[in-house]
Amino acid sequence: MEPLVKLSGIIKQFPNVVALKEVDFSLREGEVHSLVGENGAGKSTLMNVLYGVIQPDRGDIFIRGEKQHFHSARDAMNLGIGMVHQEFMLAPTMTVLENIILGFEPTKRSVLDYDLAYEQITELSREYGLAVRPESKIMDNSVGEAQRVEILKALYRGAEVLILDEPTAVLTPQETDELFRVIASLKQHGKTVIFISHKLQEVMEISDRITVMRDGKVQGTLDVADATKEKLAVLMVGREVFLNIKAASTKAGPVVLDVRGISARGRRKLSELTDVSFQVRAGEILGIAGVDGNGQSELVEALTGLGRVDQGEILISGTPITNLSPGQIRKKRVAHIPEDRNTSGLCKEMTIGENLIAITLDQPPLSKHGVIRSREVNELAAKLVKEYDIRPANHRIRTANLSGGNKQKVIVAREVSEDADLLIAAHPTRGVDIGSIEFIRSILLAQREQGKAILLVSADLEEIMSLSDRIAVMYEGKIMGIVPAAEANERVLGLMMAGATYDEATQGKGDEVIEA
Amino acid sequence: MKPSILDRLSKLQSPINVLAAVLLGLVIGTALMAIQGHNIIEAYTALFNGAFNGRFNFGGTLERFVPLLLSGLAFAVASQASVFNVGVEGQLYFGAIVAAYFGYVIVGLPSVLHVALVLLLAGLAGAIWAFIPGFLRATWRVNEVCTTIMLNYVAIFFTSYIVNHVFKNPNIGVPQTPTIQDSARLARIMMPSRANTGIFIALGMVVFFIWLMDYTTIGYKIKAVGFNAHFATYVGFRSRWIMIGTMALSGLIGGITGAMQVIGIHGYFLDNFSVGYGFDGIMVALLARNNLKAIPFVAFFLAVLKSGAIGMERFTGIPRELIGIMEAVIILFAAAEALIVIRKRVSLGKGGAEVV
Ligand SMILES: Nc1ncnc2c1ncn2[C@@H]1O[C@H](COP(=O)(O)OP(=O)(O)O)[C@@H](O)[C@H]1O
Ligand SMILES: [Mg+2]
């Protein structure tokens, strides 16, 4: 059978990297085809080529055997290709309906036919089970809703092939299940779906075929029947990986971090902290799970002195640190891997070495009477670069030139080498390659072994569950409950992430909470 | 290694741009001379002689070099923390009046002590004057470009009032302060020009600030705040005070710039004495791309142009404004990029770096 889409010999060079190195890819009509690969493998670039927004340097695109040249997304749309990007492209102040029809407005005698549009959209939404509120503004929609709007938008434009670029990265497990039902229904209606992800579990769940990319090349395409997680991981990384590397539980020591009923203003209403309390003991990892934007950032800022606390108290090993400056809190032996490595975590104009010494600069042996001792600095930097396998292994290179994983390793090296009592790690592996994920996770566990107290904030449930001793779930600025890792599973945590208490989630009442 | 080559290229980029701009300026200036029918060789010979030939001419160049060097340094130091000190002009007026006062009222000190004391007090005056916009900027994000420009006027008019009504030399018609004690004066090094030992103090200051920025924890922190204040705050630096402190340091240099004119050149404070030294400093710093090590070279180049222009005018009749045009062209091309950044900061009403 002739493939519906065939990409052949696609090459795309960006100023600094060759993102696609002669990629071949083919798509059968009616299949769900997953595209997996680490960050930076070239998945988005390849799909943007198919969607017409990126013009390849070389290579051909065939649709139903016919060679095509796309000059813009419009050309691709005309041939029935639709794409939902990683970052949504919706106008926040416009309504759902307006966003969907934008640029393709149905008209009656050259006047917008609102009723017709409304009808078409409700029809589509019913057909595929994509619940939306056509007259609500995008900014009042949740992430899950906005995603459904994006899918509807593509369908409304007549998409037969739907590209979903990492759609599950922003969803709770329940929302993910719902998306999978939508994908199933799309398939039933004869649509073809390209599903991008780097979560192998879910890929195995919904695909017919799976294509693995690494470093701008296709490593292979497998039928789902022939695929295993291990096989895919090896193709993705080029070697075996061990992500679920939990060490045997050790005995937790005394309380290091004691958070007592803190409240703090949030960036949004939903992320305002209200009466948050918990403790972290030496030698344990407390995971904070939750959908992004439910107060995790505010919590970390409050703990590290980057944000103000309005009420309540924070103690480190018994001494209050509420509303102290970041510098003062660091002196109380608190280290912090920030969620945003590009703006806060690193100074991209400075070298790896300069970034590594930022927090220990004032202490001997790095400086004496305010004068930096270059030899000691260089020694330390070289040692850390080696120890943390930072590449390229040259501490005189500016961090702006590093990949995401290596940037993160610089931050981890700096914060961990400080030898603090409490390590606050916010999304330590977000957006980094699998090799670095594995490495960073093993470091966190090693720190736990050494008796450090660790607060791990992550939106990645798999990460939370594989590393934590106890798991606190945040929802709308509150802690919904703290669950021992042994009793946690994806379903219970997922329900709590959507607003159920632990009791509700375990007694099966949680499903109603979501409906409401 | 690939990234380091890129790094090196991007580092080379700015000197190449600057050199290209200088060449372009020279070409355009030369073309203008040719169009007006001047003999180009004669003109450049006169320019060269005006800048270098004989103690008087070369001394004149050195005399111009000092304020260019210091005010350039002042601007560049503030820029390290990503603050734009357009107020060097005001700071140097304050420094100058303070130097004139203490140079006059203190009697009987050994010269070395007197000079040091006067420079210190003048520097303090400049630092205080720069502290104000620095504080406003770091605390409430009040745009420092606007405040420093406004404070320039305050400084100029305030010192003008002082020299006209409070502290005026009664024996002379023009508004100037009484002549300072000999002990406060800097020794001349190239009679009959007015070049003086201030040049060594100025060069010493440049060396000191290069060392401060590159080899001390304070310098590291200043640069961190300048590059990325979020980062600086996150790793625990007191970004706000670092920014304010850097501005005060810059003002200190500004104050000393003014004092040097008083104790090195004039011997008194003269109403409205500065011919835009503070603004020339911005030009120097922009051309040097705020690289402290490049500042002496750029300052010297501009000093040569300025003093050569006078010789050229005298011997060939080519108006010295032509050299002004050349300077303007150079600035236009070499620093347009930086000027756009400043413009943006003004129009957006905020600075590049935020401190929390
Ligand atoms: N617009 C761009 N300009 C420069 N480089 C880019 C651009 N888009 C992507 N890249 C680079 O191309 C490579 C592939 O990126 P991408 O296709 O986004 O990967 P993926 O979606 O698999 O994570 C990466 O190294 C990325 O940095
Ligand atoms: Mg991508």
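The structure presented is a predicted model; accordingly, all values stated were derived computationally and were not measured.

A few words on the domain arrangement of chain A. Residues and elements named next belong to chain A. Partitioning chain A into domains gives domain 1 (5-237), domain 2 (245-333 + 421-516) and domain 3 (345-419). Domain 1 and domain 2 are separated by 33 Å when their C-alpha centres are compared. The interface of domain 1 with domain 2 comprises eight residues on the first partner and 13 residues on the second. Here domain 1 packs against domain 2, burying approximately 820 Å² in sum over the two surfaces, 67% of which is carbon and sulfur. It is N39, P173 and Q174 that lose the most area in domain 1 upon contact with domain 2, and together they represent 49% of the buried surface on that side. For the pair domain 1 and domain 2, the interface holds zero salt bridges. For the side of domain 1 that touches domain 2, the secondary structure elements donating two or more residues are α6 (173-188) and α8 (229-237). Taken together, the residues of the side of domain 1 that touches domain 2 break down into four nonpolar, three polar and one charged.

Next up on the list: helix α8 (residues 217-227) of chain B. For α8(B), a buried count of nine out of 11 residues is recorded, marking the element as mostly surrounded by other parts of the structure. Burial in α8(B) covers these residues: T217(B), G219(B), Y220(B), K221(B), I222(B), K223(B), A224(B), V225(B) and G226(B).

Residue and element names in this part refer to chain A. One way to put it is that helix α4 (residues 114-128) packs onto helix α5 (residues 143-156) with a least axis distance of 10 Å and a crossing angle of 110 degrees. In terms of orientation, α4 lies roughly perpendicular with respect to α5. Crossing handedness for the pair α4 and α5: right-handed. Contacts between α4 and α5 involve Q120, I121, L124, S125 and Y128 from the first element and L152, L155 and Y156 from the second. Each residue belonging to the contact of α4 with α5 can be placed in one class, and the counts come to six nonpolar, two polar and no charged.

As a further point, take the coordination of the magnesium ion (ligand 2). For the magnesium ion (ligand 2), the protein coordination sphere consists of S44(A) (OG) and Q86(A) (OE1), at 2.0 to 2.6 Å. Placement of the pair is S44(A) in helix α1 (residues 43-50) and Q86(A) in the loop between β6 (81-84) and α3 (96-101), with a sequence separation of 42 residues.

Let's shift gears to the sheet that holds strand β14 (residues 273-281) of chain A. Residues and elements named next belong to chain A. Reading across from one edge, β14-β13-β16-β17 is the order of the four strands in this open sheet, with antiparallel pairing throughout. Each of the sheet's edge strands pairs with one partner strand only, and the pair in question is β14 and β17 (319-320). Bridge analysis of strand β13 (residues 255-264) against strand β16 (residues 311-316) gives five bridges, and the strand direction is antiparallel. Bridging from a neighbouring strand, S263 pairs with Q311 of β16.

Turning next to the pattern of salt bridges. By the definition in use, this model includes 39 salt bridges over all chains. For E31(A), the salt bridge goes to R209(A), with nearest N and O atoms at 2.9 Å. With E31(A) in the loop between β2 (18-27) and β3 (32-36) and R209(A) in strand β11 (residues 209-214), the pair connects residues that are 178 residues apart, well separated along the chain. This pair shows no difference in class: E31(A) is buried, exactly as R209(A) is. The salt bridge partner of R137(B) is E144(B), with a shortest N-O separation of 3.1 Å. E144(B) matches R137(B) in its accessibility class, with the two residues each being buried. Within the structure, one salt-bridge network assembled from shared partners comprises R330(A), R414(A), E415(A) and E418(A).

Next up on the list: the site of ligand 1. All names here are of chain A. In the vicinity of ligand 1, the residues found are F14, V17, A19, E38, N39, G40, A41, G42, K43, S44 and T45. Between ligand 1 and G42, the relevant distance is 2.9 Å, taken from an oxygen atom to a main-chain nitrogen or oxygen of the residue. Note that an oxygen atom of ligand 1 is positioned 2.8 Å from one of the backbone N or O atoms of K43. Protein contact buries 61% of the 560 Å² of open area that ligand 1 shows by itself. For the shell around ligand 1, the element with the most residues is α1, which contributes three residues.

Once that is clear, we can look at the sheet that holds strand β22 (residues 453-457) of chain A. Working definition: the strands of a sheet are paired by backbone hydrogen bonds and lie parallel or antiparallel to each other. Residue and element names in this part refer to chain A. Within the open sheet, the six strands sit side by side as β18-β21-β22-β15-β23-β24. Their pairing is mixed. Edge positions in the open sheet fall to β18 (334-337) and β24 (478-484), since each of these has one partner strand only. The sheet shows a mean angle of 15 degrees between the axes of neighbouring strands, direction not considered. Alignment of strand β15 (residues 285-289) against strand β23 (residues 470-475), held across four bridges, turns out to be parallel. Paired with I288 across the two strands is A472, which belongs to β23. Docked against the sheet, helix α15 (residues 434-449) engages β15, β21 (422-426) and β22, running at close to 150 degrees with respect to β22. Against the sheet, helix α17 (residues 490-497) touches β23 and β24, its axis set at about 30 degrees to β23.

Conventions used here
Residues numbered from 1 in each chain as written. Chains lettered and ligands numbered in written order. Predicted model: local features only at pLDDT ≥ 70, side-chain atom pairs only at ≥ 80, totals over all residues. Heavy atoms only, no water. Domains from an automatic or database assignment. Contact = heavy atoms within 4.5 Å. Buried area = accessible area lost by both parts, 1.4 Å probe. Salt bridge = Lys/Arg side-chain N within 4 Å of Asp/Glu carboxyl O. Helix = DSSP H or I, 4+ residues; strand = E, 2+ residues; numbered from the N terminus. Nonpolar A, V, L, I, M, F, W, Y, C, P; charged D, E, K, R; others polar. Buried < 20%, exposed > 50% of the residue type's maximum accessible area, 1.4 Å probe, protein only. Axes fitted to C-alpha atoms, helices over the stretch in contact; angles between N-to-C directions. Parallel < 35°, antiparallel > 145°, perpendicular 65-115°, else oblique. Left-handed = near helix turned anticlockwise from the far one by under 90°. Donors = N, O, S within 2.8 Å, 3.2 Å for Na, K, Ca; no water. Pairing = 2+ DSSP bridges. Near = heavy atom within 4 Å. Polar contact = N/O pair within 3.5 Å; in protein donor to acceptor, adjacent residues only side chain to side chain. Areas by Shrake-Rupley, 256 points an atom, 1.4 Å probe, with all protein chains shown as cover.

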